[in-house]
Amino acid sequence: MSRDAGTARTPAGDQLPGTLPDALRAELSVFRRDLHMHPELGNQELRTTEAIRERLARAGLRPRVLATGTGLMCDIGTPDATADGRALAADPTRPLLALRADIDALPIPDTKKVPYASTVSGRAHACGHDVHTTVVLGAGLVLAELARTGALPRPVRLIFQPAEEVLPGGAPDAIESGVLEGVGRILAVHCDPRVDAGRIGLRVGPITSACDRLEVGLDGPGGHTARPHLTTDMVTAASRVALDVPALLSRRVDARAGLAVTWGRLASGHACNVIPQHAELSGTVRCLDLDAWRRAPDLVHAAIDEVATLHGAKSQITYVRGVPPVVNEPVTVQLLHSAMAARRGEGAVEDTEQSLGGEDFSWYLAHVPGAMARLGVHPPAESTHRDLHRGDFDVDEQAIGVGVELFTACALLDGDLAD
């Protein structure tokens, strides 16, 4: 990589190094497309981990694979970050700024007709994790070069986390592996197809919702459809649970908490003239408010039991805790805002709404301050929006360079923040 990484200007007019060289920009596009063609599910990301490890090692860094066997972390600007020990931050003893990416894909087919479509049947990077990974890799390569020239003010840690899509996420295991040791602040981006490429969305406070998984089994005596009065009408009971439980919860929780049960599956019966003995429902519980999320299991259990009993069914409930909301810390949001403004001007930053999507980045924020930004990936010239978790999801790749320059600016400007 050229030692001339380019410059941008801060609001005060000072030059800010760390923009993305053209050669690296092209390399990162190739890297992202390779990941896109070879998606791997949570805790199976062996090829992805090796691809990241090899590129960081080629840059003279010392990445370490996590104890889980996939995912890795890599320090920049610390005394042991490189083989020669000379690429130090201005103050390598300061707490690290962590940049986090998630590396896993989803179990859905890729339906795009592009040269870099998934080569793995039923697997796709339909949430943009390939972009997140490439952004953090690119930022790491640029920052390593800045450390070699003495232009990095404080040390940085790259975190490539597996299994974000698997509740309760791979973050707790990554934390157990020590990724937050010595970290003072953590940053992440998430692809947003509603925001144009070249822009980011920011929000102070909750930016995602809590997300839990819910499995319900209903049982009762079945029988002939000619004599439903002698049975538990299981199909009706399951239908009432599906309809009435969300409605009941809406009257037991402050509407501003945004507690929502949404069903993804309902199954019962095998024949048109047989009332079944068993029914199953599965879905998610999402919540905008942290306090309401803490109360949600008891509230949901009570509502399901109440409706099931009314219809003569016995319920068995499996409530799987997922992730709490991502709550962005104000100082870190301001850091992201200042960094983006320095790179692309104030007009490149927009306010964003709280999403009902879940993100295990929230687990990191229970330990250290930090924030997540929405990274615009929508091609500005397109009128349609390809949403996340769909087989046709794709991105405008200029977003990769935007993310890299956002993170490098944060690493430079964060040097001025008090620890």
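In this report, we go over the structure that sits alongside the text. From a predicted model like this one, the values you see are computed outputs, not experimental measurements.

What to know about the layout of surface pockets
Phase 1: For the largest pocket, the calculated volume is near 760 Å³.
Phase 2: The wall of the largest pocket is formed by 34 residues, among which Glu165, Arg286, Gly357, Gly358 and His389 lie closest to the centre.
Phase 3: Mapped onto the lining of the largest pocket, the elements with two or more residues apiece are strand S7 (183-196), strand S10 (210-219) and strand S14 (278-287).
Phase 4: Tallying contributions element by element places S7 first for the lining of the largest pocket, with five residues.
Phase 5: When grouped by side-chain class, the residues that make up the lining of the largest pocket number 14 nonpolar, nine polar and eleven charged.

Concerning the sheet that holds strand S8 (residues 200-202)
Phase 1: Strand order in the open sheet formed by eight strands is S3-S4-S6-S5-S7-S18-S8-S17, with mixed pairing between adjacent strands. Since the sheet does not close on itself, it has two edges, and those belong to strand S3 (64-65) and strand S17 (349-351), each with one partner.
Phase 2: Strands in contact with helix H2 (residues 46-58) are S3, strand S4 (72-76) and strand S6 (156-161); relative to S4, the strand with the most contacts, it is inclined by about 15°.
Phase 3: Together, S7, S8, S17 and strand S18 (370-378) form the strand contacts of helix H7 (residues 330-344), whose direction differs from that of S7 by roughly 60°.

Observations regarding the packing of aromatic side chains
Phase 1: This model, assessed by the stated rule, comprises one aromatic pair.
Phase 2: Look at Phe361 and Tyr364: their rings are 5.8 Å apart centre to centre, the planes differ by 50°, and that puts the pair in the tilted class.
Phase 3: For Phe361, a relative accessible area of 0% gives the class buried.
Phase 4: Judged by its relative accessible area of 0%, Tyr364 is buried.
Phase 5: Geometry around Trp293 places Arg321 over its ring, the cationic atom sitting 3.9 Å from the centre.

A word on the packing of helix H3 (residues 129-148) against helix H9 (residues 398-413)
Phase 1: Interhelical geometry of H3 versus H9 gives an angle of 45° and a closest axis separation of 8 Å. Between H3 and H9, the crossing angle belongs to the class labelled oblique. Crossing geometry of H3 relative to H9 is assigned as right-handed. For the pair formed by H3 and H9, the contact residues are Val131, Thr134, Val135, Val136, Gly138, Ala139, Val142, Leu143 and Leu146 on the first element and Ala399, Ile400, Gly403, Val404, Phe407, Thr408, Ala411 and Leu412 on the second.
Phase 2: Tallied by class, the residues present in the contact of H3 with H9 amount to 13 nonpolar, four polar and no charged.

Observations regarding empty space enclosed by the protein
Phase 1: Tallying each qualifying case throughout the model produces one cavity of 30 Å³ or more.
Phase 2: Size it by volume and the largest cavity reaches roughly 50 Å³.
Phase 3: Every residue along the wall of the largest cavity is listed here: Pro193, Val377, His378, Pro379, Glu382, Arg386 and Asp394.

Details of the pattern of salt bridges
Phase 1: A full pass over the atoms with the stated rule returns 28 salt bridges.
Phase 2: Arg58 is the partner of Glu54 in a salt bridge, and the nearest nitrogen-oxygen pair spans 2.9 Å. In this pair, Glu54 and Arg58 are both assigned in helix H2, four residues apart and thus about one turn of the helix distant.
Phase 3: Classification of Arg58 by relative accessible area gives exposed; the value is 53%.
Phase 4: The salt bridge partner of Arg100 is Asp360, with a shortest N-O separation of 2.6 Å. In this pair, Arg100 sits in strand S5 (residues 96-102) while Asp360 sits in the loop between S17 and helix H8 (362-365), placing the two residues 260 residues apart along the sequence. Note on accessibility: Arg100 and Asp360 belong to one class, buried.
Phase 5: Residues joined in a network through salt bridges with shared partners are Arg32, Arg33, Asp130, Asp394 and Glu397.

Definitions and cut-offs
- Residues numbered from 1 in each chain as written.
- Predicted model: local features only at pLDDT ≥ 70, side-chain atom pairs only at ≥ 80, totals over all residues.
- Heavy atoms only, no water.
- 1 Å grid on protein atoms, 1.4 Å probe; cavity = no way out; pocket = protein on both sides within 12 Å on 5 of 7 lines; lining within 4 Å.
- Points joined across faces, edges and corners; volume = space filled by probe spheres on them.
- Helix = DSSP H or I, 4+ residues; strand = E, 2+ residues; numbered from the N terminus.
- Nonpolar A, V, L, I, M, F, W, Y, C, P; charged D, E, K, R; others polar.
- Pairing = 2+ DSSP bridges.
- Contact = heavy atoms within 4.5 Å.
- Axes fitted to C-alpha atoms, helices over the stretch in contact; angles between N-to-C directions.
- Phe/Tyr/Trp six-rings, centres within 6.5 Å; stacked < 30°, edge-to-face > 60°.
- Buried < 20%, exposed > 50% of the residue type's maximum accessible area, 1.4 Å probe, protein only.
- Lys NZ or Arg CZ within 6 Å of the ring centre and 35° of its normal.
- Parallel < 35°, antiparallel > 145°, perpendicular 65-115°, else oblique.
- Left-handed = near helix turned anticlockwise from the far one by under 90°.
- Salt bridge = Lys/Arg side-chain N within 4 Å of Asp/Glu carboxyl O.

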